[in-house]
Amino acid sequence: MAKTAPSNTAYLRVHGSDQYFLLDQDLITIGRKSDNLIILADDLKVSRHHATITREGGLFILRDAGSANGTFVNGQRVTEPRVLADGDEIRVGDTLFTVRLPEPDTHPRIMAAVEPPAPMEESRPDITETGSMRVGTPLSTDNPYVGPRTFTQQESDRFFGRDREASELFSLVMSERLVLFYAQSGSGKSSLINARLVPQLREAGMAVLPIGRVSGDLPPGIRQVDNIFTFNLALSLDESDGPPERFTHISIADCLARLTSLDGIHYYFDEQADLSAAGESDEYPQTPYVLIIDQFEEIITHHPDRWPDREQFFVQLAEAMRRDPMLWVVLTLREDYVASLDPYASLLPGHLRARFYMQRMSHEAALEAIQKPAEKFGRPFAPGVAESLVDNLRQIRVQSPVPGQAETALGQFVEPVQLQVVCFQLWEKLKDRPPAPISRQDLQELGNVDQALGQFYEEAIADVSAKTGVPETELRSWFETQLITEAGTRGAVYRGAHQTGGLDNRAVDMLVSKFLLRAEVRSGGVWYELVHDRLIEPIQLSNQRWRLQQPLLQMAHDWIESGRVPDKLLESKQLQAALTSNWRGLGPEVEEFLTASREAQRVRDEQARQKELAQAQALAEEQRKRAEAEAQAAARLRRRA
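J.: What should I look at first to understand the pairing of strand 1 (residues 11-14) in this one?
T.: Each regular strand carries side chains that alternate between the two faces of the sheet. Two strands pair when backbone bridges link them, and strand 1 and strand 11 (residues 95-100) are joined in this way by four bridges, in the antiparallel orientation. When the sheet's bridge partners are listed, Tyr11 is paired in strand 11 with Arg100. Where strand 1 and strand 2 (residues 20-22) come together, three bridges link them in antiparallel fashion. Looking at the pairing, Tyr11 lines up with Leu22 of strand 2.

J.: Mind showing me how you'd approach empty space enclosed by the protein here?
T.: Taking a probe equal in size to a water molecule and rolling it over the atoms shows the remaining empty space. As enumerated under the stated definition, the model contains three cavities of 30 Å³ or more in all. Taken together, 26 residues line the largest cavity, and the ones lying closest to its centre are Phe151, Phe159, Ser191, Pro416 and Gln420. Those elements that provide at least two residues to the lining of the largest cavity are helix 2 (189-203), helix 7 (363-376) and helix 9 (416-430). Considering every element that reaches the lining of the largest cavity, the biggest residue donor is helix 9, with four residues. Of the residues assigned to the lining of the largest cavity, the class counts are 14 nonpolar, eight polar and four charged. In this structure, the lining of the largest cavity is formed jointly by two domains, domain 2 (162-272 + 287-357) and domain 3 (372-446), each of which donates at least three residues.

J.: Looking at this model, I keep getting lost on unusual backbone geometry. Mind explaining?
T.: The bulk of non-glycine residues show a negative phi, and the bulk of peptide bonds are trans. You will see that Asn74, though not glycine, has its phi angle at about 55 degrees, which is positive. Residue His303 is not a glycine yet carries a positive backbone phi of 55 degrees. Tracing the sequence through the fold places His303 in the loop between helix 5 (298-301) and helix 6 (307-323).

J.: Teacher, can you tell me more about the confidence of the model for the protein chain here?
T.: In low-pLDDT segments, the atomic positions of the prediction should not be examined closely. Mean pLDDT over the protein chain stands at 83; residues scoring 70 or higher make up 88%. Predicted confidence in the protein chain is weakest over strand 26 (residues 517-522), with a mean pLDDT of 73, and strongest over strand 12 (residues 178-183), with 97. Counting interchain partners and residues more than four positions distant, the pLDDT-below-50 stretch residues 1-7 has 19 contacts. Segment residues 279-285 is flagged for pLDDT under 50; beyond a separation of four residues in sequence, or across chains, it makes one contact in the model.

J.: How should I be thinking about the packing of aromatic side chains in this particular structure?
T.: Within a pair of aromatic rings, the relevant descriptors are the distance that separates the centres and the angle that separates the planes. Counted by the stated rule, this structure contains 15 aromatic pairs. A ring pair is formed by Tyr145 and Trp427, whose centres lie 6.2 Å apart and whose planes are at 65 degrees; its orientation type is edge-to-face. On the criterion of sequence distance, the pair formed by Tyr145 in the loop between strand 11 and helix 1 (163-175) and Trp427 in helix 9 is long-range, its members being 282 residues apart. For the pair formed by Tyr145 and Trp427, the shared burial category is buried. Geometrically, the ring pair formed by Phe313 and Phe314 is edge-to-face, given 6.1 Å between the ring centres and 90 degrees between the ring planes. Assessed through its relative accessible area of 0%, Phe313 is described here as buried.

J.: How should the nonpolar core be read in this particular structure?
T.: Grouped together as the largest cluster of nonpolar side chains are 58 residues, with contacts concentrated most on Ile370, Phe381, Phe479 and Leu511. Ranked by residue count, the leading element in this core is helix 9, at nine residues. Residue assignment places this core across two domains, with domain 3 (372-446) and domain 4 (452-547) each supplying three or more. Contacts of Leu511, omitting those with residues within four sequence positions, involve Ile461, Val464, Leu475, Trp478, Phe479, Leu503, Leu516 and Leu517. One finds Leu178, Phe229, Leu235 and Ile250 within the second-largest nonpolar core, a separate group that totals 48 residues.

J.: Explain the pairing of strand 16 (residues 289-293) to me, please; I cannot follow it from the model alone.
T.: Summarising burial for strand 16: five of the five residues are buried, a large majority. Neither face of strand 16 is exposed, since Tyr289, Leu291 and Ile293 on one face and Val290 and Ile292 on the opposite face are all buried. Strand direction decides the pairing type here: strand 13 (residues 207-208) and strand 16, joined by two bridges, are parallel. Looking across to strand 16, one finds that Val208 is bridged to Val290. Sheet topology note: the strand 16/strand 17 (residues 327-334) ladder contains five bridges and is parallel. Each bridged residue has a counterpart across the sheet, and for Tyr289 the counterpart in strand 17 is Leu327.

J.: Looking at this structure, I do not really get the packing of helix 11 (residues 449-468) against helix 14 (residues 536-548). What am I missing?
T.: The relative placement of two packed helices is expressed as an angle between their axes plus a distance between the axes. Contact geometry for helix 11 and helix 14: axes closest at 8 Å, N-to-C directions at 65 degrees. Taken together, the axes of helix 11 and helix 14 are roughly perpendicular relative to one another. As for how helix 11 packs across helix 14, the hand of that crossing is right-handed. When helix 11 is examined against helix 14, the residues Asp450, Leu453, Gly454, Tyr457 and Glu458 are found in contact with a partner set consisting of Glu537, Pro538, Ile539, Ser542, Asn543 and Arg545. Taken together, the residues of the contact of helix 11 with helix 14 sort by class into four nonpolar, three polar and four charged.

J.: Could you clarify how one ought to interpret a positive patch on the surface in this entry?
T.: A cluster of basic side chains, namely Arg636, Arg638, Arg639 and Arg640, defines a positive patch on the protein surface. Look at Arg639 and you get exposed, because its relative accessible area is 61%.

J.: Just to check I follow, could you spell out the sheet that holds strand 18 (residues 355-358) for this structure?
T.: Sheet strands associate in pairs through backbone hydrogen bonding, adopting either a parallel or an antiparallel arrangement. On the basis of which strands lie adjacent, the open sheet formed by five strands has the order 13-16-17-12-18 and parallel pairing. Only two strands of the sheet have a single partner each, and these edge strands are strand 13 and strand 18. The pairing of strand 12 with strand 18 spans four bridges and is parallel. Of the residues in strand 18, the one forming a bridge with Ala183 is Met358. Running over the sheet, helix 1 touches strand 12, strand 17 and strand 18 and is turned about 170 degrees from strand 18.

J.: I keep staring at helix 2 and nothing clicks. Help me out?
T.: In an α-helix there are 3.6 residues to a turn, and that puts residues three or four apart on one side. The first and last C-alpha atoms of helix 2 sit 20 Å apart over 15 residues, in line with the 21 Å expected at 1.5 Å per residue. A maximum bend of about 35 degrees is found in helix 2 at Leu197, where proline Pro199 lies one to four positions downstream. Where burial is concerned, most of helix 2 is hidden: eleven out of the 15 residues are buried. Residues Lys189, Ser190, Ser191, Leu192, Ile193, Asn194, Ala195, Arg196, Leu197, Val198 and Leu201 constitute the buried set of helix 2.

Rules behind the numbers
Residues numbered from 1 in each chain as written. Predicted model: local features only at pLDDT ≥ 70, side-chain atom pairs only at ≥ 80, totals over all residues. Heavy atoms only, no water. Pairing = 2+ DSSP bridges. Helix = DSSP H or I, 4+ residues; strand = E, 2+ residues; numbered from the N terminus. 1 Å grid on protein atoms, 1.4 Å probe; cavity = no way out; pocket = protein on both sides within 12 Å on 5 of 7 lines; lining within 4 Å. Points joined across faces, edges and corners; volume = space filled by probe spheres on them. Nonpolar A, V, L, I, M, F, W, Y, C, P; charged D, E, K, R; others polar. Domains from an automatic or database assignment. pLDDT = per-residue confidence, 0-100. Contact = heavy atoms within 4.5 Å. Phe/Tyr/Trp six-rings, centres within 6.5 Å; stacked < 30°, edge-to-face > 60°. Buried < 20%, exposed > 50% of the residue type's maximum accessible area, 1.4 Å probe, protein only. Core = buried A, V, L, I, M, F, W, Y, C linked by side-chain atoms within 4.5 Å. Axes fitted to C-alpha atoms, helices over the stretch in contact; angles between N-to-C directions. Parallel < 35°, antiparallel > 145°, perpendicular 65-115°, else oblique. Left-handed = near helix turned anticlockwise from the far one by under 90°. Patch = residues over 30% accessible without salt bridge, like charges linked within 9 Å, V, L, I, M, F, W, Y side chains within 5 Å. Areas by Shrake-Rupley, 256 points an atom, 1.4 Å probe, with all protein chains shown as cover. Salt bridge = Lys/Arg side-chain N within 4 Å of Asp/Glu carboxyl O. Lys, Arg positive; Asp, Glu negative; His and termini not counted. Charge placed at Lys NZ, Arg CZ, Asp CG, Glu CD. Expected span 1.5 Å × (residues − 1). Bend = angle between axes of the 7 residues up to and from the residue.

This is the structure we're talking about:
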């Protein structure tokens, strides 16, 4: 959502947009990695840790962090610490920022000697469940809710409702060197790790490595690696800009042994590390450290052609734990993939017996997750209002005694993502109003749950369609026909080898990652359903509105229902207008309809051309005969003369 920066605050504005990043901390880090405060994940010219801005004595000082492509101010490369002035333009990769300061800065531009910034005391945002943050989506400093994304370590003060689970998981991790942490999709595993587990482990004196992942394709220029999952894990742990070729033949144990940190937060791979003395020096006391691999189901879902690498990965992980008794491991994954790890359990210490399952969010926990952030930010809910919102969010559909109908009831659970989406949008609409408790009237006027969830659904559908090429009309129809029954309750659809209910599994997997679907293992297979009944009505309303805005869909449907009669096809200007519209995402029915309309128009045009040609030929023949008659008449006159 676009934001207007306050006039009395220093900030960076993204060139060409109204998005901004506040310069409200003593250290601002910029880079492609998710542990930066300003994350430019999609700009491939940006280094993982590209630049920093520090606030020192009222000045804002920019430093390049040894980036590959440099940092530029007003077109000049930054080679020394540089004091920023209002209006300066900072270029990082292909991203351009404009500096806005409360007052003009008249200090010299170059500082010969400025002390380097102190190491950060806590990790920057580490987004693992919903993808990296991008320019235009700055961390919200004025909204206590995070919306449809994962909590970061920076936002631990806004994370509520999971204290019991956090305490139990922390206790298990402290007592077991290998823990399997699992829950249903969308339950908030990554948020719990970022906002609770990682800070708790560090407070207990343990080092925590960057959150690891095992998915990813080979970078350009690399054709083969020994183990694709080990390679990707090493890439995710190393926060330097070194070449990925270093990891093509590495093992997990060697990778971990060469990880080095100067501040206990950021890690880089040191090829020159002396492994012969590892664990033998008394100069540096050893600290227990934790490797957390998030979304570990990716070892099953990604690279099925590299299935032999799976077993070898578990062998390497076990060897790393054997070689280094200071290594702790937490594997987090979706509940529906736990059984897929059973064939490999015997390869690991403890045989994966130390497991922690996190239930879906109860309505009591949801109430805390709604009330506490609002109280913390000075706008609490009035008595009974948050309770009404929770009851709205936990509505479920049940079969009515009347055949073919459904009725609503209060369910046991609330979806955390839906809670955050609704509360985030409610707060955005309220934040410009004078401070006052959130009333029932505010909730009725601004907290429309159906509207918020409908927008959440629409944005997810549009993104999946754009990234997979599946027409939006096909996705919307799939939800209505496969996931919602005629009685208006949730249905379930079985996952096939390549498709699920006729929909490509790539699109299905993306819908799961968008927290619209939940997978469940039943009878030896995987079935999908909506994450919550509360989505049913917003989906139906959204689809209805969307179809009303797509007249071509209705025209194509009417034509097919009529038996494809030619009279219902488009003609002339109406056809031309349809062909210049964005019709390609409307599905095969519209494509067939427009193809038939074009063919019918071609036939009409050809018939008209033939008619014009015949008329021209007839006219020419008539003119020829007239000329011939006139010539004959003239000849007769000459003979008489």
